Amino acid sequence: MKLTKGQKVFNVVNFFLMLAVCLITVYPLWYTVIASFSDPLAVSTGSVTILPVGFELASFKKVFEMDNIWTAYGNTIFYSVFGTLLNMVLTILGAYPLSKRRLKGRRVFMLFILITMWFNAGMMPSFLNYRDLGLYDTRAAILLCGAIDTFNVILMRTFFENVPDSMEESAKLDGANDWRILLNIYLPLSVPAIATVTMYYFVGRWNSYFWSMLLLKDQSKVPLQVLLKKLIVEVSYSVNEAVDMSATVMTEQTIVYATIVIAVLPMLILYPFLQKFFVKGIMVGAIKG
Amino acid sequence: MTPTAGKTRTQTQRFWHSVLRDKHLYLMMIPFLLWYIIFCYKPFGGLVLAFQDYKPLLGIEGSEWVGLENFKTFFTGPFFWRLIRNTLLLNIYNLIFGFPVPIILALLFNEIHHSKLRTVVQTISYMPRFISTVVIAGLVVNFLSPSSGIINTFIKMFGGEPIYFLTRPEFFRPIYVLQGIWSGAGFGSVIYYSSLCSIDTELYEAVMIDGGGRWKQIWHVALPGLLPTIAIMLIMQIGNLMNVGYEMIILLYQPVTYETADVIGSYVYRLGMEQANYSLSTAVGLFNGVISLILVTSANFVSRKLGDVSIF
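Residues numbered from 1 in each chain as written. Chains lettered and ligands numbered in written order. Predicted model: local features only at pLDDT ≥ 70, side-chain atom pairs only at ≥ 80, totals over all residues. Heavy atoms only, no water.

1. Looking at the overall build of chain A
Part 1 of the reasoning: Tallying secondary structure elements over chain A gives 14 helices and zero strands in all.
Part 2 of the reasoning: For 289 residues, the compact-globule estimate of 2.2 N^0.38 gives 19 Å, and chain A exceeds it by more than 25% at 25 Å.
Part 3 of the reasoning: Each principal axis of the C-alpha atoms in chain A carries an extent, and together these give about 75 × 70 × 35 Å.
Part 4 of the reasoning: Residue burial in chain A is summarised as follows: out of 289 residues, 54% are buried.
Part 5 of the reasoning: Taking all contacts inside chain A whose residues are at least 6 apart in sequence as the whole, residues at least 24 apart take part in 72%.
Part 6 of the reasoning: A total of about 13,200 Å² of accessible surface is found on chain A, and carbon and sulfur atoms cover 69% of it.
Part 7 of the reasoning: Averaged over its 24 positive side-chain charges, chain A has a centre that lies 12 Å from the centre of its 18 negative ones. (Helix = DSSP H or I, 4+ residues; strand = E, 2+ residues; numbered from the N terminus. Rg over C-alpha atoms; globule rule 2.2 N^0.38 Å. Buried < 20%, exposed > 50% of the residue type's maximum accessible area, 1.4 Å probe, protein only. Contact = heavy atoms within 4.5 Å. Areas by Shrake-Rupley, 256 points an atom, 1.4 Å probe, with all protein chains shown as cover. Lys, Arg positive; Asp, Glu negative; His and termini not counted. Charge placed at Lys NZ, Arg CZ, Asp CG, Glu CD.)

2. Describing helix α8 (residues 133–143) of chain B
Part 1 of the reasoning: Of all eleven residues in α8(B), ten are buried; the element is thus mostly enclosed.
Part 2 of the reasoning: Within α8(B), burial applies to B:Val134, B:Val135, B:Ile136, B:Ala137, B:Gly138, B:Leu139, B:Val140, B:Val141, B:Asn142 and B:Phe143.

3. A word on the domain arrangement of chain A
Residues and elements named next belong to chain A.
Part 1 of the reasoning: Along its sequence, chain A is carved into domain 1 (28–59 + 226–272) and domain 2 (74–222).
Part 2 of the reasoning: If you average the C-alpha positions of domain 1 and of domain 2, the two centres end up 37 Å apart.
Part 3 of the reasoning: Residue-level contacts link seven residues of domain 1 with nine residues of domain 2.
Part 4 of the reasoning: Roughly 670 Å² of surface becomes buried between domain 1 and domain 2 when both sides are summed, with 80% attributable to carbon and sulfur atoms.
Part 5 of the reasoning: Broken down residue by residue, the surface that domain 1 buries against domain 2 is led by Val 226, Lys 229 and Met 267, which jointly contribute 69%.
Part 6 of the reasoning: Taken together, domain 1 and domain 2 are joined by zero salt bridges.
Part 7 of the reasoning: Between the two partners, domain 1 and domain 2, sit zero residue pairs in polar contact (both at pLDDT 80 or more).
Part 8 of the reasoning: At the level of secondary structure, the elements contributing two or more residues to the side of domain 1 that touches domain 2 comprise α13 (224–241) and α14 (247–287).
Part 9 of the reasoning: In terms of residue count, α14 provides more of the side of domain 1 that touches domain 2 than any other element does, four residues in total.
Part 10 of the reasoning: Partitioning the side of domain 1 that touches domain 2 into residue classes produces five nonpolar, no polar and two charged. (Domains from an automatic or database assignment. Buried area = accessible area lost by both parts, 1.4 Å probe. Salt bridge = Lys/Arg side-chain N within 4 Å of Asp/Glu carboxyl O. Polar contact = N/O pair within 3.5 Å; in protein donor to acceptor, adjacent residues only side chain to side chain. Nonpolar A, V, L, I, M, F, W, Y, C, P; charged D, E, K, R; others polar.)

Written out as structure tokens, the structure is:
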């Protein structure tokens with residue numbers, strides 16, 4: 001098909017707009033990477049813009065030498081892996097029964113969980129609840145906090161509802177009970193769904209900081225994001241407020257960039273795999289209400 | 001025995017029969033429901049704090065009841081209007097400047113006919129969704145740094161004076177809205193893009209046969225096709241007018257910018273966690289929760305009336 005002149009112009013304009021979108025999205029991340037490798041002096045005088053100036057691994061070396069980074073990294077992996085596991089077990093155990101139209105009281109149970117999306121007790125009552133349960137400053141609190149996301153329950157339930165009933169009926173005839181049917185029939189059929197919801201939980205766990213910050217006092221238990229909050233935000237403010245740029249202040253800034261790189265790296269490596277699932281999830285969530 | 005009584009008995013029997021039949025399903029739900037009871041419903045009891053002068057040493061039983069005193073303190077306090085104004089304004093700016101961006105992005109993505117190129121652009125634009133609040137805040141703080149931030153480097157390059165953006169109240173709202181667009185617009189376009197994909201291609205062809213160009217196609221086919229989704233997303237966002245991402249705000253604000261940056265969520269956090277004023281914090285949170293509940297349920301009601309698609 002021949003393109004008219006107007007269409008050609010449109011395509012060119014659109015191409016440049018898209019290029020701009022990509023640049024705006026990528027540049028902050030690109031800058032962080034090049035700044036972390038650059039000479040601290042060049043970064044602090046603002047001469048690093050498109051390519052690294054000098055090449056130094058000193059900032060990374062400093063970051064790797066900090067013990068608390070590794071502890072926090074380990075904690076994040078622990079919370080993300082076991083937290084997501086707990087998320088999935090609870091979510092599946094709730095979503096599967098709720099996907100059965102024959103279940104008596106299904107509407108009541110649905111209302112029971114939906115209410116929590118519209119109204120919650122708020123920060124202080126929730127915080128005091130953790131404290132009263134003896135969970136303050138424990139790893140268990142971080143695992144239990146946000147162990148179910150109602151939105152994900154609804155997603156999972158929608159997926160289960162789409163599995164044809166005939167599968168269940170034939171298994172019932174063979175004498176299988178509901179646990180067996182869930183494990184042997186529904187779970188294998190819902191692998192894409194399970195992957196999607198797992199990703200949602202995992203990314204959420206990896207990136208969350210707020211409740212970990214509230215619930216943990218012991219620095220050896222904090223996840224990476226809480227430590228990063230200290231390093232990135234607080235150090236950066238102190239750099240900004242420094243009257244004269246001493247050598248230590250300058251290196252602090254490239255250390256901040258190096259820390260960001262290390263913190264974001266796993267997500268960016270996983271990203272191409274994750275994003276497909278994310279998109280799938282949002283579409284299912286939108287179709288069904 | 002009357003026939004109705006007989007019928008009710010069989011109904012109850014049938015009910016218990018099906019409960020017994022599905023006993024394993026109910027068993028499965030126990031841990032799930034317990035979590036909701038312990039972590040979502042039990043804290044509701046803590047809301048009594050809002051009506052007390054809570055002292056941690058005395059506990060809920062021993063603390064004095066003060067009725068609506070905490071609410072009165074909040075409503076007549078110096079921060080009430082400032083918090084309402086900041087919360088609403090940040091959301092309204094988000095609505096005006098942030099809301100259209102994913103829609104425009106989806107329309108432009110839809111106009112890329114080279115499918116590989118489109119996938120690449122979309123994949124890149126979703127990326128910030130995977131970056132945590134803390135890291136985004138760190139990027140904002142560093143990029144806006146007066147001494148070495150890249151933004152000020154550009155300002156200096158063009159002969160301007162560096163500005164310490166994060167200490168200037170007038171810049172807080174644009175900064176907040178812009179970081180929100182950067183991190184959310186790409187991924188936000190997914191929902192619009194997926195409804196664009198479901199538009200019948202014959203409609204585009206019809207416009208083309210009538211001699212309409214790309215703009216005509218967007219205006220007469222794509223945009224009308226998106227309207228139901230736009231309406232629902234808009235209603236949802238209006239329903240959330242009283243909720244702001246305070247987790248981001250507490251990373252970006254400083255006492256000098258509280259004037260424009262402090263919102264209800266961040267105030268609740270500061271009162272409770274930093275000043276240990278549990279009662280007032282709970283009262284402010286409860287006030288916010290009730291208003292949000294009213295807004296969200298009315299938004300949901302409207303969207304259900306409008307069409308069969310609703311988010312929740």
